[in-house]
Every structure is written in C-alpha cells, then in structure tokens.
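Structural overview
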Amino acid sequence: MQKTDTALSSTAPSGKVLRVEGGSPLYGTISVRGAKNFVPKAMVASLLGHSPSQLRNVPLIRDVDVVRDMLNLHGVDVIFDEEEGVMILDPSHVDAATPTEIDALSGSSRIPILFCGPLLHRLGEAFIPELGGCVIGDRPIDFHLETLRRFGAEVEKTSEGIRLTAPAGGLKGTQINLPYPSVGATEQTLLTAVMAQGITTLTGAAIEPEIMDLINVLQKMGAIISVDTDRTIRIEGVERLEGYSHTALPDRIEAASWGSAALATRGDVFVRGAHQPDMITFLNTFRKVGGAFDVEEDGIRFYHPGGSLKPIVLETNVHPGFMTDWQQPLVVALTQADGLSIVHETVYENRFGFVTALRKMGANIQVYTECVGSAPCRFQAKNFHHSAVISGPTPLHGADITVPDLRGGFSHLIAALAAEGVSHVSGIDVISRGYEHFMSKLLKLHAKVEYV
Ligand code: EPU
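Keep in mind that this is a model prediction, so the values were computed, not measured.

Conventions and cut-offs
- Residues numbered from 1 in each chain as written.
- Predicted model: local features only at pLDDT ≥ 70, side-chain atom pairs only at ≥ 80, totals over all residues.
- Heavy atoms only, no water.
- 1 Å grid on protein atoms, 1.4 Å probe; cavity = no way out; pocket = protein on both sides within 12 Å on 5 of 7 lines; lining within 4 Å.
- Points joined across faces, edges and corners; volume = space filled by probe spheres on them.
- Helix = DSSP H or I, 4+ residues; strand = E, 2+ residues; numbered from the N terminus.
- Domains from an automatic or database assignment.
- Pairing = 2+ DSSP bridges.
- Axes fitted to C-alpha atoms, helices over the stretch in contact; angles between N-to-C directions.
- Contact = heavy atoms within 4.5 Å.
- Buried < 20%, exposed > 50% of the residue type's maximum accessible area, 1.4 Å probe, protein only.

A separate point is the layout of surface pockets. Here the largest pocket defines a volume of roughly 1,100 Å³. Residue lining of the largest pocket: 44 residues in total, with R139, S182, V183, G184 and Y348 positioned closest to the centre. Counting residues per element, the ones that place at least two in the lining of the largest pocket are α5 (142-150), α6 (183-193), α10 (324-334) and α12 (406-418). Taken together, domain 1 (18-32 + 250-451) and domain 2 (39-247) each give at least three residues to the lining of the largest pocket, which thus spans both.

On the basis of which strands lie adjacent, the open sheet formed by 4 strands has the order β17-β18-β20-β19 and mixed pairing. In this open sheet, the two edge strands, each paired with only one partner strand, are β17 (313-315) and β19 (364-368). Strand-to-strand twist across the sheet, computed as the mean angle between neighbouring axes with direction ignored, equals 15°. Packing of α10 onto the sheet brings it into contact with β17, β18 (339-344), β19 and β20 (387-392), and relative to β18 it is tilted by some 170°.

Bringing unusual backbone geometry into the picture now. P320 follows H319 through a cis peptide bond whose omega is 10°. With an omega of -5°, the peptide bond between G392 and P393 qualifies as cis. By the secondary structure assignment, P393 is in the loop between β20 and β21 (400-402). Notably, A381 is not glycine yet its phi reads approximately 55°, a positive angle. Mapped onto the fold, A381 is located in the loop between β19 and β20. On the accessibility criterion, A381 (77% relative accessible area) is exposed. Not every positive phi belongs to a glycine, and H437 is a case in point at roughly 45°. Mapped onto the secondary structure, H437 falls in the loop between β22 (421-426) and α13 (438-444).

Pasting the structure below:
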C-alpha cells in the first residue's frame, strides 16, 4: 500500500466557479462510501489503541484530510490507499503538538475537539484550537467542556485556545446528563469514558447510526459499552485498548442528497452503497413528497415517477427523526411541490441562510422566527429564523450564487441543476468537505457542468 499526498485530487479547485447549465434530469449510477460524520471519529479512536487500526470504506473528503494531518501531527503514522479507501493508523508514537501547529491544521473542521479524551489518556494533556465547521448556528462547545470537567480534566482558557490537563491519578468515570442529545458531546463522552477508571453513565445521549458505528469500533478495540432504549449509554472503563479492523457505514447524508437531486431534476439516480436501515425516515418523507425509490441489494434507486410533487409539513430532529442535514437538499425539491410546505428546523438555529439564493432563482420561501407547523422547540421566542414556508411550484431560473456552507451548498448545486438556464456557483470547494468526487459524479449523472 502506498502512502499518498493529501487528497487534493478529490477536492474542487479553490477559487474556481462552477458553470451549471440546468434544466435536464440527472440520471445514472454513482456510489457513496463511508460516512463523513463517522470516519473522522473512527480515525480519532485509533489514538486509544496500543496497536495499529485498519479502517475501510474511507472517502476522499477534506474532513478526512484534516484529521489525517492532525493525527500525523500527534505522531500517528497514517497510510491511506485512496483508491481502495483503506487506511492504516499506527499510534505507536503518539506525541504532543504545540497550539500553533494544531491551530494551523484544524481550521476547517470541528473534529479536533474529539482529540481531547484520547490525548488526555495518552499524554495527560490536550489543546482545543479555534474550531471550524459550517456556520449554521453558534455551535458552542459547553457540553464538551462540562463533560471533560466531569471526568476530572482541568480546563483552562488561554489566549491561544483551551488547554486541558488530566488529574494526577488519571480521568475517572462519571455521570453525565446531556441537556440536548448532542452528537459531538456523546462522542466526546464515549472516546473519554472507554479508558476512564470505573463506570460512566451518560443519559440524554445521541443515538445516530454514526454513533452506533463508533461504539462498534470501540467494542472491537476492547471497550465495554451498553446502550439502553432510553438514550442511556453505560461505559465500563478498561485499562488497555488495541487497534481495530472495521468497514465504515455508508454516508446516509450524501445518499439522501443525491436522492433529493434526482427528485428536484425529475431524474433517476441509483446510489450504490445507500443503506436503507439508516435512511428509513428520509425514505418515508421522500415517498410522502411524491418521490419513488427501489431498495436493491447494493443500493437505492431514487427517481421522480412523473406527475406533480406533494407539499409536506416537516420537522428536523435528532435520530430517529428527520436529520437536519437532509433538510437543505430536500427543500429544493419542495419548491416544485404543488402547494405550501412547512419545514421547522429544531437542531440548528440558523440553517436557512441558503434560501436567499433559492429565492434569487425564483423560489417562493418565507422564513419565520416562530415554531411553525409543529410543537415548540428550544428556539421558540429566541428570534432565530428557524421555520420556513415554501410555496410551490415555482419555476427556477439560473443565477450567480455563492455556496454558504456544506449542505446549503449542495442544495444550491441542486437548484442550479434543476433551474432553466445557466448558473455560476462560487465557493464550490466547500462541498469537497463532505461530498467525495462530486464533480465526477455530476458528470457521470450527465450534468452539464464545468469549472470556469
Ligand atoms: N450544542 C450545544 N453545545 C455543545 C454541543 C452542541 O449547545 O457543546 C448544540 C448545537 O449548537 C446544536 C445541537 O446542540 O444546536 C446539536 O449539535 P451536535 O453536537 O449534535 O452537532 P455536532 O456534533 O457539532 C454533528 C455533525 C453535523 C450534524 C449534527 C447533527 C459532525 C462532524 N457534524 O455535529 O453535521 O448536523 O451532528 O446530526 O459529525 C454536516 O454534516 O453538514 C453537519 C453539520
């Protein structure tokens, strides 16, 4: 297996504009590989092992590059066969890095915060830099810091960032109750508790499939973790973990994004690798909107069956609800539904910025601070524009637009593909954070796209 350079080949060229000639259906077959919201976390877990880990189905996306560079910086030897998607991670020489070095690498991702638990176990100290990630809300880290404090870590805010130190006797198991089922804080707890002394009980945990797969990985390494049906996770700390061998679960957000693209363009796309059990809620909604799908052994075919699409009332939520990350791509299809659709976003307070561009392209979308269409959420009366009413069908026309964030960016792309005429999409490289080879996939689906 050859060690390769950073996966620039998989990313869109920075500064380039994508010219999209829309108005034709997407059709054909593309594949999805391992989940963006799982793979980097499994890479971090390798830090806890005393022997090398092997991770398969690794996609070529920028978040994977960032974590690979961060692991390299901390002395983990990472060998990546990009074509096969197989990564070997050897943590035999874990070492500390300076805040300046960490800061230089972590800018575009939120994963670096998950290095804390493993590094506190391995080195007794860790450092949290200024975090990146999409601007879709405040995205505080208070749950993470409180969790780490509960394990006994000392948390000190410095001018460079946040420095954490383990107590002399090491981290100790604890009781944690999350005020909201945060994905990241649940992962933080898991990655810290597995080697903390004694038992940790986490209530109010997130139970997304990506978290379950992280538990699979940790169990393979030697951890003892049980999950109850009431969002309680119980972890018995162990003294030593080994490396793992694991195939990452497929990316259900990418699969749903291509499904939404098929629907919005009146197309027919087979997504090889799409996994029905992780997408049940999406598939139900897709069907209610009027989309059709066939579940096959090796993937799911998403298509527009003809006729008009139906409006829906939708609320995003934590698993097993409708994922917030599925919302933005699907909204483009809702602009083509016959009537009023309501979307209430309850996970992030600021995830409707992308509709400005859709309006410019002809969509009729109003956003509201109220909790429209369903029960009040934690953003009620807080002045966040977190509900949208979409009135369709409205023909979309090409426009010059700029990608605001990862999922919003993909929805812009879908809108440009569905619209009559030519669009120019700027800031397209953001999409490489989470969509592997999206340009070659677009071309495979007969999209008329080119960099200009
Ligand atoms: N929150 C806090 N304090 C915290 C942590 C979270 O208030 O310390 C709040 C957030 O502000 C947000 C809510 O809790 O309102 C949920 O955040 P969560 O911690 O669950 O999100 P995350 O771990 O930062 C991951 C994914 C997101 C995905 C969410 C929800 C990764 C790298 N990111 O974020 O993915 O939307 O879970 O499923 O796993 C994306 O892929 O485009 C993306 C944004």
